[in-house]
Amino acid sequence: MPTARLIAGDCTATFDGDRSYERRGRAVCLRKPDDTVLLHDADGYRPVAWLTRPEAAVVAGEPPTLDARDGDDRLRVLFHEVSVDTRIPVSAAGAPVGPCPDGPGTLVERSGRLACTDCDREHALPAGATVLDARCDCGLPRVAVTRGDRFEVCADRSCDPLDAAVEARFDRAFDCPDCGDDLRVVRAGGLLFGCDSYPDCEASFSLPAAEHDGTCGCGLPTFDGDCLDRTCTAG
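### Remarks on the packing of aromatic side chains
Within the structure shown, the criterion is met by 7 aromatic pairs. Ring geometry for phenylalanine 170 and phenylalanine 223: centres 6.4 Å apart, planes at 65°, overall edge-to-face. On the criterion of sequence distance, the pair formed by phenylalanine 170 in helix 1 (residues 162-170) and phenylalanine 223 in strand 19 (residues 221-223) is long-range, its members being 53 residues apart. Overall, phenylalanine 170 belongs to the buried group, its relative accessible area being 0%. According to the relative accessible area criterion, phenylalanine 223 is buried, its value standing at 1%. Put simply, the rings of Phe170, Phe174, Phe193 and Phe223 pair up and form one aromatic cluster.

### Quick word on the sheet that holds strand 11 (residues 122-124)
In a beta sheet, neighbouring strands are held together by backbone hydrogen bonds and run either parallel or antiparallel to one another. In space, the 4 strands of this open sheet follow the order 8-9-10-11, with antiparallel pairing throughout. One side of each edge strand has no neighbouring strand; the edge strands of this open sheet are strand 8 (95-99) and strand 11. Within this sheet the neighbouring strands show an average axis-to-axis angle of 20°, counted without direction. By the bridge criterion, 4 bridges tie strand 8 to strand 9 (residues 106-110) in an arrangement that is antiparallel. Its bridge partner lying in strand 9, alanine 95 is registered against glutamate 109.

What counts as what
- Each chain carries its own residue numbering, running from 1 in the direction its sequence is written.
- Reporting in this predicted model follows two pLDDT cut-offs: at least 70 for local features of residues, and 80 or more for side-chain atom pairs to be given and counted; totals over whole chains, interfaces and linings ignore these cut-offs and use all residues.
- The side-chain numbers reported here are obtained from all heavy atoms of the structure, hydrogens and water having been left aside.
- Two rings from Phe, Tyr or Trp (for Trp, the six-membered ring) form a pair when their centres sit within 6.5 Å of each other. Planes less than 30 degrees apart are called stacked, planes more than 60 degrees apart edge-to-face, and all others tilted.
- Numbered from the N terminus, helices here are DSSP runs of H or I no shorter than four residues, and strands are runs of E no shorter than two.
- The classification of residues rests on relative accessible area computed with a 1.4 Å probe and restricted to protein chains. Under 20% of the type maximum is buried, over 50% is exposed, and intermediate values are partly exposed.
- Strand pairing follows a simple DSSP-based rule, namely that at least 2 bridges must link the two strands.
- Orientation is described by axes fitted as lines to C-alpha atoms, over the contacting stretch for helices, and by angles from 0 to 180 degrees between their N-to-C directions.

Dropping the structure here:
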């Protein structure tokens, strides 16, 4: 479980960069696991000083000084007196989608990921995936993903791979428009239809997040009415 460091007390914050300022007062400084630094005083919700995901952040000394740098930007928080200095377990916070199969934690969805509030379990979701109420045999939620068709797979790609489901449905289902060979389902950054004669034939097309519904005048399949070849004008 990642931890955040929280230091509270009398401090001076100095920021140098595209803007420069100095702040003094009794404040709370939070250093997140990604090294983001936030300094909050008694008023409002906005920090009085911050640096988001800096290249480096170091806390040293007694009383401590936090020094964070990102390119030409530098935030330095010098504590003159410390009331609290502690480390706190933190997790992602998002929409709850059910219990974690590994323990008492809850799985939450945020920014295209599933993460547990109580352990290190985390899974990246395919773009556009919808988390379902149904559960996989492994205990994780199943997700619905549209890639040429609607597929329901496990949130853990190693348990029930989306690639395998798409390949079973569409591999060799269509012909290459350039050479007539089979179009294969391949992953190269994302899921693609690529010619089986590669590298002799380099035809390739991104597999759309839409459902196959017909054939274009050029002979390629259409997905939600659009040709697989987005540059096609055959209609």
